[in-house]
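Spelled out, the chains give:
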Amino acid sequence: MIEILPAIDIIDGKCVRLTKGDYGSVKRYDADPVDMVKRYVDSGFCRIHTVDLDGARQSSPCNLHVLERMALVDGANIEWGGGLKSQQALDDSLNAGARYLVVGSLAVKRPELFSYWLYRYGADRMVLGADADSDGRVAVNGWEEKSDFTIGNLIDRFLPDGLTQVIATDICCDGMLQGPSFELYCQLMKEYPAIILTASGGISTVADIERLERDGMPRVIVGKAIYENRISLRELEKFME
């Protein structure tokens, strides 16, 4: 059974969504992040994928006060990313209540430190965030800069260090509500069967999730489709039966 991770993206303490990672396309919602966590937990979802978009852009967490409030919701396990580029940022996020930590840019620019984090905190808590553009190159720093690495390059780099969890995003699909990159995920699952892969970006209907489940995808992040009422929480609950 595929695991659903409902998503919360934060700018200035509020829920937002971007299109293709473009900060100029930000759409703000009335929903409060803490209220959304409560809704998700009440519907049976415990692992909540959360991105500090301010932190991703500023290279340091900016919404830790929001994380603290979200983490206090009984039953919530917050998966937190955005700006985790130093030991201090990681420690601050853990102290604020993050249960899982998603690292992207630092894994590209300071791979030795991410390797150390995998060793120190464990692969069950550390998640590699690999977000690739149309040319297959991984983007960093809030998706505003491209690296020379592919998603496969990064997985190969950290597998010997115990990496087990990867969130793979096709930036071209993100926020478009036109379906995820099924081919990309099938390829990655075939090449890296030991990795617990999370699909991210483009989910628009329950049919998208059902297809990923048939393909064998372990996890999927669902965000904008919930906010835009394309998918209801009730529809998602069937995946927990």
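Provided above is the structure to which this section pertains.
Rules and cut-offs
Residue numbering note: each chain is counted from 1, following its sequence as written. Where local features are concerned, this predicted model is filtered to residues with pLDDT of at least 70; where side-chain atom pairs are given and counted, the filter is 80 or more; whole-chain, interface and lining totals use all residues. Each side-chain value is derived from all of the structure's non-hydrogen atoms; neither hydrogens nor water enter the calculation. Buried residues are those whose accessible area, probed at 1.4 Å on protein chains only, stays under 20% of the maximum for their type, while exposed residues exceed 50% and partly exposed ones sit between those limits. Strands are runs of DSSP state E lasting at least two residues, helices are runs of H or I lasting at least four, and both sets are numbered from the N terminus onward. Comment: arc refers to directions from the helix axis out to C-beta atoms. Contacts are assigned to residue pairs that have any heavy atoms within 4.5 Å of one another. Definition used in this section: a nonpolar core is a set of buried Ala, Val, Leu, Ile, Met, Phe, Trp, Tyr and Cys residues joined via side-chain atoms within 4.5 Å. Any carboxyl oxygen of Asp or Glu within 4 Å of a side-chain nitrogen of Lys or Arg constitutes a salt bridge here.

Participant: I'd like a description of helix 9 (residues 206-215), backed by residues and values.
Facilitator: Every buried residue of helix 9 is listed here: Val-206, Asp-208, Ile-209 and Leu-212. Down the axis of helix 9, the sector holding all buried residues measures 155 degrees, keeping them to one side. The elements touched by buried residues of helix 9 are strand 1 (3-11), helix 8 (182-191), strand 11 (196-200), strand 12 (219-222) and helix 11 (233-237). Count one or two residues on from helix 9 and you reach Gly-216, which has phi positive near 100 degrees.

Participant: Describe the nonpolar core, listing the residues and the values that go with them.
Facilitator: Counting 74 residues, the largest nonpolar core has Ile-8, Met-70, Phe-114 and Ile-209 as the members making the most contacts within it. If we ignore the near neighbours within four places in the chain, the residues touching Phe-114 are Val-103, Leu-106, Ala-107, Met-126, Val-127, Leu-128, Phe-158 and Leu-163. Judged by nonpolar contacts, the second largest core, of seven residues, contains Ile-11, Val-16, Leu-53 and Ala-56.

Participant: Which residues make up the pattern of salt bridges, and what values do they have?
Facilitator: One pass over the structure, following the stated rule, counts ten salt bridges. Across the pair Arg-28 and Asp-12 runs a salt bridge whose closest N-O atoms are separated by 4.0 Å. Residue Arg-28 is found in strand 3 (residues 22-28), and its partner Asp-12 is found in the loop between strand 1 and strand 2 (14-19); the two are separated by 16 residues along the sequence. With relative accessibility at 49%, the residue Arg-28 sits in the partly exposed group. Salt-bridge contacts for Glu-210 lead to Lys-238; the nearest nitrogen and oxygen are separated by 2.6 Å. Placement of Glu-210 in helix 9 and of Lys-238 in the segment after helix 11 is noted, with a sequence separation of 28 residues between them. We classify Lys-238 as partly exposed; its relative accessible area is 38%.

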